[in-house]
Amino acid sequence: MAKLTDQTRASLRSRSRLVHLGRDSAQSQGFVNLPPFRGSTVLYPDVAALKSRSQRYTYGTHGTPTTEALCAAWTDIAGAAGTVLVPSGLSAIVVALMTALGAGDHLLMTDSAYAPARAFANKTLKRMGIETTYCDPEIGVGIAALMRPNTKAVLTESPGSQTFEIQDVPAIAEVAHAHGACVLMDNTWATPLFFAPHAHGVDMAIEAGTKYLSGHSDLLIGLVSANEAWFGKLHQTTDQMAIPPGPEDVFLALRGLRSMELRLREAERQALALARWLAARPEVLRVIHPALPDHPGHAIWRRDFAGSSGLFSIILKPVSEAAVAAFLDGLELIGLGYSWGGYESLAVPFDCTSYRTATRWAPGGPAIRFSVGLEDIEDLKADLERGFVRLRAAA
Ligand SMILES: Cc1ncc(COP(=O)(O)O)c(C=O)c1O
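Here goes a summary of the coordinates provided.

### So, the environment of Pro318
Then, number 1: With respect to the helices and strands, Pro318 occurs in the loop between β9 (311-316) and α12 (321-329).
Then, number 2: Overall, Pro318 belongs to the exposed group, its relative accessible area being 63%.
Then, number 3: Distance from Pro318 to Thr353, taken between C-alpha atoms, is 16 Å for residues 35 residues apart in sequence.
Then, number 4: Leaving out residues up to four positions away in the same chain, Pro318 has contacts with Gly364, Gly365 and Pro366.

### Considering the packing of helix α10 (residues 247-279) against helix α13 (residues 377-394)
Then, number 1: Packing of α10 against α13 leaves a shortest axis separation of 11 Å and a crossing angle of 30 degrees. Once α10 is placed against α13, the crossing between them reads as right-handed. Contact residues: α10 offers Gln270, Ala273, Leu274, Trp277 and Leu278, while α13 offers Ile377, Leu380, Lys381, Leu384, Glu385 and Phe388.
Then, number 2: Its residues assigned to classes, the contact of α10 with α13 comprises 8 nonpolar, 1 polar and 2 charged.

### Topic: α13
Then, number 1: End to end, α13 covers 26 Å across 18 residues, agreeing with the expected 26 Å (1.5 Å per residue, within 8%).
Then, number 2: For α13, every residue scored as buried is listed here: Ile377, Leu380, Lys381, Asp383, Leu384, Gly387, Phe388 and Leu391. Around the axis of α13, the buried residues are gathered within 155 degrees of arc, so they sit on the same side.
Then, number 3: Next to the buried residues of α13 lie α10, β8 (284-288), β9, α12 and β12 (367-371).
Then, number 4: If you check the start of α13, you find a side-chain oxygen 2.9 Å away from the backbone N of Glu378, and it comes from Asp376.

### Concerning the pattern of salt bridges
Then, number 1: This structure, assessed with the given rule, holds 18 salt bridges.
Then, number 2: One salt bridge in this structure joins Arg265 and Glu268, with 3.2 Å as the shortest N-O distance. Taken as a pair, Arg265 and Glu268 lie in helix α10 at a separation of 3 residues, close to a single helical turn.
Then, number 3: Of the residues examined, Glu268 reaches a relative accessible area of 12% and is grouped as buried.

### Notes on the site of the ligand
Then, number 1: Within the structure, the ligand sits among 13 residues, and Gly89, Asp186, Thr210, Lys211 and Trp340 are positioned closest to it.
Then, number 2: The side chain of Thr210 places a nitrogen or oxygen atom 2.5 Å from an oxygen atom of the ligand.
Then, number 3: For the ligand, the accessible surface in isolation is 390 Å², of which the surrounding protein chains cover 91%.
Then, number 4: For the shell around the ligand, a count of residues per class yields 5 nonpolar, 5 polar and 3 charged.

### A few points about the packing of aromatic side chains
Then, number 1: Per the stated rule, a full pass over the model turns up 7 aromatic pairs.
Then, number 2: Where Trp189 meets Phe305, the ring centres are 6.0 Å apart and the plane angle is 70 degrees; that geometry is what we call edge-to-face. Of this pair, Trp189 sits in the loop between β5 (182-186) and α8 (191-194) while Phe305 sits in the loop between α11 (298-304) and β9, and the two are 116 residues apart along the sequence. Like Trp189, the residue Phe305 is buried in the burial classification.

### Quick look at the sheet that holds strand β6 (residues 204-208)
The pairing of strands in a sheet comes from backbone hydrogen bonds and takes either a parallel or an antiparallel form.
Then, number 1: Taken together, 7 strands build an open sheet; the order of strands is β1-β7-β6-β5-β4-β2-β3 and the sheet is mixed. Looking at the sheet topology across the chains shown, the edges are occupied by β1 (82-86) and β3 (131-135). Looking at each pair of strands side by side, their axes are set apart by 20 degrees on average, direction ignored.
Then, number 2: Note: strand β2 (residues 106-110) against β3, 5 bridges, orientation parallel. Residue Leu108 lies in a different strand from β3, and its bridge partner there is Thr133.

### Observations regarding the pairing of β6
Then, number 1: Here β6 lies mainly inside the structure; 5 of its 5 residues are buried.
Then, number 2: Of the two faces of β6, the one holding Met204, Ile206 and Ala208 and the one holding Ala205 and Glu207 are both buried throughout.
Then, number 3: One ladder, built from 3 bridges, connects β5 with β6; its direction is parallel. The partner of Leu184 across the bridge, within β6, is Met204.
Then, number 4: In terms of strand pairing, β6 meets strand β7 (residues 222-226) through 5 bridges, oriented antiparallel. Within β7, the residue paired with Ile206 across the bridge is Val224.

### As for the sheet that holds β8
Then, number 1: Taken together, the 5 strands give an open sheet; going across it, the order is β8-β9-β12-β11-β10, and neighbouring strands pair in mixed fashion. This sheet does not close on itself; its edge strands, each paired only once, are β8 and β10 (335-336).
Then, number 2: Strand direction decides the pairing type here: β9 and β12, joined by 5 bridges, are antiparallel. Opposite Ile314, over in β12, you have Ile368 as the bridge partner.
Then, number 3: Taken strand by strand, α12 contacts β9, β10, β11 (346-350) and β12, and its axis lies near 15 degrees from that of β12.

What counts and how
- All chains use their own residue numbering, which begins from 1 and follows the written sequence.
- Since the coordinates come from a predicted model, pLDDT governs what is reported: local features require at least 70, and pairs of side-chain atoms require 80 or more to be given and counted, while whole-chain, interface and lining totals use all residues.
- Heavy atoms throughout the structure, all of them, feed into the side-chain values; hydrogens and water do not.
- Working definition: helices are DSSP H or I runs of at least four residues, strands are E runs of at least two. Numbering for both runs from the N terminus.
- Throughout, exposure labels follow a simple rule: accessible area from a 1.4 Å probe, protein chains only, divided by the maximum for the residue type, with under 20% read as buried, over 50% as exposed, and the rest as partly exposed.
- The contact criterion used is simple: two residues touch if any of their non-hydrogen atoms lie within 4.5 Å.
- In this analysis, axes come from line fits to C-alpha atoms, helices being fitted only over the stretch in contact, and the angle between any two N-to-C directions falls in the range 0 to 180 degrees.
- Here a crossing is called left-handed whenever its near helix is offset anticlockwise from the far helix by less than a right angle, and right-handed whenever the offset is clockwise.
- Residues are grouped as follows: nonpolar covers Ala, Val, Leu, Ile, Met, Phe, Trp, Tyr, Cys and Pro; charged covers Asp, Glu, Lys and Arg; every other residue, Gly included, is treated as polar.
- Helix span is expected to be 1.5 Å times the residue number reduced by one.
- What the arc measures is the spread of directions leading from the helix axis to the C-beta atoms.
- Think of a polar contact as two N or O atoms within 3.5 Å of one another; within protein, one of them needs to be a possible hydrogen donor and the other a possible acceptor, and neighboring residues in sequence only count if both atoms come from side chains.
- Any carboxyl oxygen of Asp or Glu within 4 Å of a side-chain nitrogen of Lys or Arg constitutes a salt bridge here.
- One heavy atom suffices: a residue is near a molecule or strand as soon as one of its heavy atoms comes within 4 Å of it.
- We get accessible surface area from the Shrake-Rupley algorithm with a probe of 1.4 Å; when it comes to residues, only the shown protein chains can shield them.
- Each aromatic pair joins two rings of Phe, Tyr and Trp (for Trp, the six-membered one) with centres within 6.5 Å, and gets the label stacked for planes under 30 degrees apart, edge-to-face for over 60, and tilted for any other angle.
- Any two strands with at least two DSSP-identified bridges between them are counted as paired.

Spelled out as structure tokens, the structure:
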């Protein structure tokens, strides 16, 4: 097998990229996959090399062939200048914020952001003298009115991973950049396959690789890709914090990368089928899925995104908490759990009223989020059908 030339590499479509990037059989004795390099100590051939630290690998926390392979592949599919790895999606949000902000700065965060990111801003960033203002996810260019002279970062998440508001990221980025602020985006829902973050003006893009990159609900990992302007500072911050993910998790994430597009496309197909089926159910008030034409952000989703993933929500017509519990507790295929993006389907009831501050969450009935996996869609419908029978009986 010949080595991939730069010219062929540049011509590859995303599925071929996912299969071939970050892989070099010469480096792994001919075996297809690179092993998980483990280690703290890296040996140097002589004192001169030890003192100058001029060799490629210098210490376990600074990177290994395994971490470099994942970073190189992710950088390529994200269209970034570089990528750093951390042990969870939440720590990816944290290192991106720590890179962009310092004492006395102001942060704008979408009201629909992942709730633990809010907790980090409200407690830790506040203690460090950084103030946060939450904004309507659908604010678009209106974000200009919230910019202050010390606004140094805007954290977007599009769509919000419970309520699925689509943000006008290019418009927000234009305003933020005009004010000298950095644009961060949690791109976990779409992954770079369905939303090219840096081409849409994002400086640092966060991915909870725990979800679709892993795809098997058996590891935690976070990735932050950055453009040319921000990668140096991001790399320095992450390196100084010395929080690499474990080698087995990086190895498994690389394995997940190979099938990520297939899984994502299948999750998209299944989720759309289930969303349409749920929209026609008499127990359902509405379905919140950006790829459905009645979604308020559908036009922006069509303009900016290349697909939708397997995560969406529904609002039930008003019923008691006991009826919702009867619906969910008896599900046999669809599990109850918070993380998502795995091969198995999940559901979680949610309520944003307690923490939203810039927008009001009043959906008109109980809200449930689904992460649709790879089971046969007819079996999933049958599981839900039995759930609706229990719900009606308990209502
Ligand atoms: C949108 C989003 N971002 C980040 C995270 C955090 O990822 P992790 O569980 O790897 O910390 C999650 C987890 O649910 C999430 O839904």
